[in-house]
Amino acid sequence: IKSLAVPDELVNAVAQRERRELQRQRELYRGGEPPPQVRDKIVILVDDGLATGSTMRASISALRKQEPKKIVVAVPVGASETCAELHGDADELVCAIVPRQFMAVGAWYCDFSPTSDATVRALLQEAAHHPHAPVGG
């Protein structure tokens, strides 16, 4: 941000907008339920892929504070450098495809359109009815 001389006002505005969106999703997806308790549990973080890994690093960092037993990162595709770096952050990393020329996560999908709120809610409801698949928001 500093090297690009992005004004603090812009950074703050974007951060505030993203916080509002996270709160909206939290309320919509959890339906008032509290966050799942992960202390002493194995947590599997799943993403559509790893480019820079910044989002995954932030997720791992936030989870570490909750003292899970183990953090496993699972992705279908990732940049080789990023996957190598994340090995030190996560307890385990599963990356199905680590191409020589990565380019972008979306390049590895036929359809990389965003997942709708309705789809997320339906999948969370379906998973909640499965007795061996605890789901967190």
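So, here's what we can say about the structure.

### Structural notes on the nonpolar core
Nonpolar side chains in soluble globular proteins tend to be buried together. Leu45, Leu50, Met56, Ile60 and Val73 are the most contacted members of the largest nonpolar core, which has 15 residues in total. With residues near it in sequence (within four places) discarded, Met56 still touches Leu45, Asp47, Leu50, Val73, Val75 and Leu86.

### Digging into the packing of helix 1 (residues 8-30) against helix 4 (residues 117-128)
Close contact between helix 1 and helix 4 brings their axes to 9 Å; oriented N to C, the two are set at 40°. Judged by the angle between their axes, helix 1 and helix 4 are oblique. Crossing geometry of helix 1 relative to helix 4 is assigned as right-handed. Mapping the contact onto sequence places Arg24, Leu28 and Tyr29 in helix 1 and Asp117, Val120, Arg121 and Leu124 in helix 4. Residues of the contact of helix 1 with helix 4, tallied by class, amount to four nonpolar, no polar and three charged.

### As for the side chain of Thr82
Structurally, Thr82 can be placed in helix 3 (residues 80-86). Aside from chain neighbours lying at most four places away, what touches Thr82 is Leu50, Ala51, Thr52 and Gly53.

### So, the sheet that holds strand 3 (residues 92-97)
Pairing within the open sheet is parallel, and its three strands lie in the order 1-2-3. Edge positions in the sheet fall to strand 1 (42-46) and strand 3, since each has one partner strand and no second. Pairs of neighbouring strands in the sheet enclose a mean axial angle of 15°, with direction left out of account. Here five bridges tie strand 2 (residues 70-77) to strand 3, and the two strands are oriented parallel to one another. Bridge pairing in strand 3 links Val72 to Glu92. Together, strand 1 and strand 2 form the strand contacts of helix 2 (residues 54-64), whose direction differs from that of strand 2 by roughly 165°.

### With respect to the state of the cysteines
Within the structure shown, the criterion is met by zero disulfides. Residue Cys83 stays outside any disulfide, its sulfur separated by 3.3 Å from that of Cys95, the closest cysteine. Accessibility expressed as a relative area gives 19% for Cys95, which makes it buried.

### Points about the pattern of salt bridges
All chains considered together, the criterion is met by eight salt bridges. As a salt-bridge pair, Glu18 and Arg17 come within 3.8 Å of each other at their nearest N and O atoms. When its relative accessible area of 40% is taken as the criterion, Glu18 is described as partly exposed. The residue Glu67 makes a salt bridge to Arg39 at a minimum N-O spacing of 2.7 Å. With Glu67 in the loop between helix 2 and strand 2 and Arg39 in the loop between helix 1 and strand 1, this residue pair connects regions lying 28 residues apart in the sequence.

Rules used throughout
- Residues numbered from 1 in each chain as written.
- Predicted model: local features only at pLDDT ≥ 70, side-chain atom pairs only at ≥ 80, totals over all residues.
- Heavy atoms only, no water.
- Core = buried A, V, L, I, M, F, W, Y, C linked by side-chain atoms within 4.5 Å.
- Buried < 20%, exposed > 50% of the residue type's maximum accessible area, 1.4 Å probe, protein only.
- Contact = heavy atoms within 4.5 Å.
- Axes fitted to C-alpha atoms, helices over the stretch in contact; angles between N-to-C directions.
- Helix = DSSP H or I, 4+ residues; strand = E, 2+ residues; numbered from the N terminus.
- Parallel < 35°, antiparallel > 145°, perpendicular 65-115°, else oblique.
- Left-handed = near helix turned anticlockwise from the far one by under 90°.
- Nonpolar A, V, L, I, M, F, W, Y, C, P; charged D, E, K, R; others polar.
- Pairing = 2+ DSSP bridges.
- Disulfide = S-S within 2.5 Å.
- Salt bridge = Lys/Arg side-chain N within 4 Å of Asp/Glu carboxyl O.

Such coordinate-based values are descriptive only and should not be taken to indicate function.
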